[in-house]
Amino acid sequence: MTTAAIYGCHGTGLGDEERAFFAEQKPWGFILFRRNVESPGQVLRLTDALRDAVGWNAPILVDQEGGRVQRLGPPHWPKYPPGEAYLKATNDPLTARELARLGGRLMAHDLKAVGINVDCAPVLDVPVPGAHDIIGDRAYANDPATVAQLGRAMAEGLLAGGVLPVIKHMPGHGRAFGDTHKELPTVHADLETLDAWDFAPFKALSDMPIGMTAHIVFTAIDRKRPATQSKKAIKLIRERLGFGGLLLSDDLVMNALSGTLTERAETSLKAGCDLVIHWNGDLPEMRQVAEGVGRLKGGAARRAEAALARIVHTPEPLDVREARDRFDAMLAGRLTAAKGPDVGEAQAPDLASSSAKAR
């Protein structure tokens, strides 16, 4: 029986203490970060070792959005653009949608090859002027409709390649004036404004298999608790946003949350999150989280099973080289959906100017 947690690990291989802890706790899944990534062969050995430790084909997650948030990158994996680049490259939502789906399909190909089957993307947050740049260029656009269109395209590309998407950060992070890694932001917008702007992309993608919460206080929903730990906010996600999928907390270590890690885990699960994430691979911290986490059961277990059932085990056919050449050409503005020159001669664009340093 699995427990309602997703853990990271310390390095590029699995230590004996970690292996014993995972074998005992049997978390539902694992999440990888840059510290865990060196080469394709090494990542595949690590994902195999993690699954071996728990004795089943456990989900393995990663944040692979592109731009600042890309855990697998050069020299072994291609550099992908931030979310805003798709619309900027095409200046047309329909062509941008084709480009985003292709990007998602290529990312899925990269991830599946090394044993990763869940990507914490797409970002469905819609920025407002003056908001903190923690979202910034990670957003696909500056309006809810286009964010929903391009977010769905990215998600469908991932699904077609056998990787589950995770829509984030519910019910919306684009209005926050602080970084949840460092502090607890508070959003004072009224419910009508939130519904028309922040909630809209999440409602449009409510059929997605997995979602992730935001560590943000929305005073129109719950004046005291961030959405991750608010029964009122989780109820809103389920009912008003119509999300019936598996709901993950954002990382428990973020400074937006208070209390011990045990308390953070307990409070998030009691509020209605199905699973909690602890990312940094610190074993003493994971032991604290484990004290606040019980078995994955009831509705949460059913949602977890339903999410995994969405994994396509025979991915959509893909000519990887042609697809990558086409992706690069479209991104560089040398190819559109309407015309198809020889993409084999296209060169990969320099994305450095559109991507800030990854965090």
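One can find the structure itself at the top, above this paragraph.
Heads up: these notes are all about the structure in this document. This structure is a prediction, so every number in the text was calculated from the model and none was measured. (Residues numbered from 1 in each chain as written. Predicted model: local features only at pLDDT ≥ 70, side-chain atom pairs only at ≥ 80, totals over all residues. Heavy atoms only, no water.)

**A word on the sheet that holds strand β6 (residues 118–119)**
Alright, step 1. Spatially, 8 strands are ordered β1-β2-β3-β6-β7-β9-β11-β12 in a closed barrel, and the strand pairing comes out parallel.
Alright, step 2. Note that strand β7 (residues 164–170) and strand β9 (residues 210–213) share 4 bridges and pair parallel. Opposite Val166, over in β9, you have Ile210 as the bridge partner.
Alright, step 3. In this fold helix α10 (residues 283–291) packs onto β1 (3–7) and β12 (275–278), with an angle of close to 165° to the strand it touches most, β12. (Pairing = 2+ DSSP bridges. Helix = DSSP H or I, 4+ residues; strand = E, 2+ residues; numbered from the N terminus. Contact = heavy atoms within 4.5 Å. Axes fitted to C-alpha atoms, helices over the stretch in contact; angles between N-to-C directions.)

**What to know about helix α9 (residues 261–271)**
Alright, step 1. Within the span of α9, buried status applies to Leu261, Thr262, Arg264, Ala265, Ser268 and Ala271.
Alright, step 2. Those residues of α9 that are buried lie in contact with α8 (231–239), β12 and α10.
Alright, step 3. Gly272 lies just past α9 and shows a positive phi near 130°. (Buried < 20%, exposed > 50% of the residue type's maximum accessible area, 1.4 Å probe, protein only.)

**Description of the packing of α9 against α10**
Alright, step 1. Where α9 contacts α10, the two axes come as close as 7 Å, and the packing angle between them is 40°. The angle between α9 and α10 falls in the class oblique. The way α9 lies across α10 gives a crossing that is right-handed. In this structure, α9 contributes Leu261, Thr262, Ala265 and Glu266 to the contact, and α10 contributes Glu285, Gln288, Val289 and Glu291.
Alright, step 2. For the contact of α9 with α10, the per-class residue count stands at 3 nonpolar, 2 polar and 3 charged. (Parallel < 35°, antiparallel > 145°, perpendicular 65-115°, else oblique. Left-handed = near helix turned anticlockwise from the far one by under 90°. Nonpolar A, V, L, I, M, F, W, Y, C, P; charged D, E, K, R; others polar.)

**Quick look at unusual backbone geometry**
Alright, step 1. Cis peptide bonds are those with omega within 30 degrees of zero, and the linkage from Ala121 to Pro122 qualifies with 10°.
Alright, step 2. Looking at the secondary structure, you find Pro122 in the loop between β6 and α5 (144–160).
Alright, step 3. In this model, Lys168 is joined to His169 through a cis peptide bond whose omega is 5°.
Alright, step 4. Looking at the element boundaries, His169 is found in strand β7.

**Here we look at the pattern of salt bridges**
Alright, step 1. This structure, assessed with the given rule, holds 18 salt bridges.
Alright, step 2. One salt bridge in this structure joins Lys88 and Glu84, with 3.2 Å as the shortest N-O distance.
Alright, step 3. Classification of Lys88 by relative accessible area gives exposed; the value is 63%.
Alright, step 4. By relative accessible area, which is 24% here, Glu84 ends up partly exposed.
Alright, step 5. Residue Glu98 pairs with Arg326 through a salt bridge whose shortest N-O separation is 2.5 Å. Remark: Arg326 occurs in helix α12 (residues 320–331) and Glu98 occurs in helix α4 (residues 93–112); sequence separation between them is 228 residues.
Alright, step 6. Residue Arg326 is classed as buried on the basis of its relative accessible area, which comes to 17%. (Salt bridge = Lys/Arg side-chain N within 4 Å of Asp/Glu carboxyl O.)

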